[in-house]
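What follows is the residue order along each chain.
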Amino acid sequence: MRIRTFLKNKILNHDLLDYKKIQSGYFQSVFIKDTEEVALISGRFLSAIFLHGSQLAICIIFLVSTNFHLTFILLFFFSLHFLYNRILNFPIHTSHKNLYQYSGKMSAKVIDYFNNFKSLKILQGKKFHATVNNSFFKSKNFELKAKILNALQNPSRLFIDNVLIISVIGVIFYFILNKILNVETAILFVFFSKYSSGPVSGLATSLLWGKAITGAYQRVKSILNYSSKIKNGKRNDLKFDRCIEFKNVCFDYGESVLLKNISFVIQKNSHNLI
C-alpha cells in the first residue's frame, strides 16, 4: 500500500511532456503487477532465507560436533551442490527475467488497447491488432522456455541430491571401516546429510529468486526516482475592481514558445478565450 501510494504521487507529478512519451498502460502495469512482486521480498524472500539459513546452520553445528573431518568433506560436496544450483538457476533466472519484463510491456499494450477501444474501432486499427498479436507470440515463446526449464530443474536436482548422498555414504563407509565412526553416529550423519541438502538447494533458489524480481524493482525505482523538470512558482491571489492588464507576457512549455510579448486587458466578470 505504501509503495502504491508513493507511486501514485510520483506518477501524478510527472510533467505532461514526459508522461506522453510513456504508454499509460506501462504505469498501470507497474502500479498493479510490479508492486505486488516487490512487496513479496519483505515476506516470502526474507522468510525463505531465514528458514533455510537456520536449518543449514543447525545441521552444520551438529555435523561439526560429530566429526570435523567428515563435516569438512561433506561441506565440500555441499559447495559443489550449491554451485550446481547456481549454474542451473542462471538460465532459469534469465528466462524468468525476460518473461517478466516482456509480460510487463505486453500488459501495457493490452491495457492501452482496451483503453483506446473506441478510437481503434472507428479507425480500424489493424496495425495495432498486429502489434498486440505479435506481443502474444513473443510472450508465448518466453513463457514456453521458462516452463521447460522449470520442468527440467526438479529431476536434475533430484539426480544431484542422490549423487551427493551416495558420495557421503561412500565416505562414511570408509570412516566406519577405519573405525573412525561407529554405526549409530554414521546413521545420524547420513540422516542430517540428507536433511541438509534441502536447505542448501532452497537457499540457492531463494537467492536467485530474489534476483528474479530485480526487473520489477528497477521499474518501480525508476518512477520513484523521477524528478520534474518544470518548477512550480508561487501563485499570488490578486484582487481587483475593474480589470487586469497584461503587458509583454511570455510563456513557454518545454521547448515550445506559446506566448511572446502578448499584451491584453481582461475586464472583471467577463469571459475571455486565449
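All values reported here derive from a predicted model rather than from experimental measurement. (Residues numbered from 1 in each chain as written. Predicted model: local features only at pLDDT ≥ 70, side-chain atom pairs only at ≥ 80, totals over all residues. Heavy atoms only, no water.)

Draft legend 1. Focus on the overall build of the chain. Secondary structure assignment for the chain yields 9 helices and 2 strands. Going from the N terminus to the C terminus, the chain shows its helices and strands as α-α-α-α-α-α-α-α-α-β-β. A total of 274 residues make up the chain; the buried ones form 30% of that total. Per element, the accessible surface of the chain, about 18,900 Å² overall, is 64% carbon and sulfur. (Helix = DSSP H or I, 4+ residues; strand = E, 2+ residues; numbered from the N terminus. Buried < 20%, exposed > 50% of the residue type's maximum accessible area, 1.4 Å probe, protein only. Areas by Shrake-Rupley, 256 points an atom, 1.4 Å probe, with all protein chains shown as cover.)

Draft legend 2. Representation of the packing of aromatic side chains. According to the stated counting rule, one finds 1 aromatic pair in the structure shown. Ring centres of Phe246 and Phe264 lie 4.6 Å apart, and the angle between their planes is 20 degrees; on these two criteria the pair is classed as stacked. One end of the pair, Phe246, is in strand β1 (residues 243-253); the other, Phe264, is in strand β2 (residues 256-267), with 18 residues separating them in the sequence. (Phe/Tyr/Trp six-rings, centres within 6.5 Å; stacked < 30°, edge-to-face > 60°.)

Draft legend 3. Layout of the nonpolar core. Judged by nonpolar contacts, the single largest core of 18 residues is most densely connected at Leu70, Leu74, Val168, Ile172 and Phe189. The set of elements that each furnish at least two residues to this core consists of α4 (44-66), α5 (68-115), α7 (126-177) and α8 (183-212). In this structure, Leu7, Ile11, Val38 and Val220 belong to the second largest nonpolar core, which totals 8 residues. (Core = buried A, V, L, I, M, F, W, Y, C linked by side-chain atoms within 4.5 Å.)

Draft legend 4. Spatial organisation of the pairing of β2. With 8 bridges joining them, β1 and β2 adopt antiparallel strand pairing. Its bridge partner lying in β2, Tyr253 is registered against Ser256. The hairpin turn running from β1 into β2, its antiparallel successor, is 2 residues long, and Gly254 in that turn takes a positive phi close to 70 degrees. (Pairing = 2+ DSSP bridges.)

Draft legend 5. Representation of helix α9 (residues 214-224) in the model. Along α9, the positions that sit buried rather than exposed are Gly215, Ala216, Arg219, Val220 and Ile223. The buried residues of α9 occupy one face: seen down the axis, they fall within an arc of 135 degrees. (Arc of directions from axis to C-beta.)

Draft legend 6. Structural view of the side chain of His52. Tracing the chain through its elements places His52 in helix α4. A relative accessible area of 17% means that His52 is categorised as buried.

Draft legend 7. View of the pattern of salt bridges. One pass over the structure, following the stated rule, counts 2 salt bridges. One salt bridge connects Asp18 with Lys229, and the closest N-O pair in it is separated by 2.9 Å. Within this pair, whereas Asp18 is found in helix α2 (residues 16-20), its partner Lys229 is found in the loop between α9 and β1, the two being separated by 211 residues in sequence. Residue classification places Asp18 among the buried residues on the basis of a relative accessible area of 12%. Using a relative accessible area of 60% as the deciding quantity, one classes Lys229 as exposed. (Salt bridge = Lys/Arg side-chain N within 4 Å of Asp/Glu carboxyl O.)

Draft legend 8. View of the packing of helix α1 (residues 2-12) against α9. Their axes nearest at 9 Å, the elements α1 and α9 cross at an angle of 50 degrees. Taken as axis vectors, α1 and α9 run oblique relative to one another. Here Ile3, Phe6, Leu7, Lys10 and Ile11 of α1 lie close against α9, whose contacting residues are Val220, Ile223 and Leu224. By residue class, the composition of the contact of α1 with α9 is 7 nonpolar, no polar and 1 charged. (Axes fitted to C-alpha atoms, helices over the stretch in contact; angles between N-to-C directions. Parallel < 35°, antiparallel > 145°, perpendicular 65-115°, else oblique. Contact = heavy atoms within 4.5 Å. Nonpolar A, V, L, I, M, F, W, Y, C, P; charged D, E, K, R; others polar.)

Draft legend 9. Geometry of the confidence of the model for the chain. Residues of the chain with pLDDT of at least 70 account for 89%, and the chain-wide mean is 78. For the chain, helix α6 (residues 117-123) is the element with the lowest average pLDDT, namely 71, and β2 is the one with the highest, namely 91. (pLDDT = per-residue confidence, 0-100.)

Draft legend 10. Quick look at the side chain of Asp15. As for its position among the elements, Asp15 is in the loop between α1 and α2. The buried charged residue Asp15 lacks any salt bridge partner; its closest oppositely charged side chain belongs to Lys229, at an N-O distance of 5.2 Å. In terms of polar contacts, Asp15 uses its side chain to reach the side chain of Ser228, at 2.5 Å. Those residues in contact with Asp15 that sit more than four places away from it in its chain are Tyr226, Ser228, Lys229, Ile230 and Tyr253. (Lys, Arg positive; Asp, Glu negative; His and termini not counted. Polar contact = N/O pair within 3.5 Å; in protein donor to acceptor, adjacent residues only side chain to side chain.)

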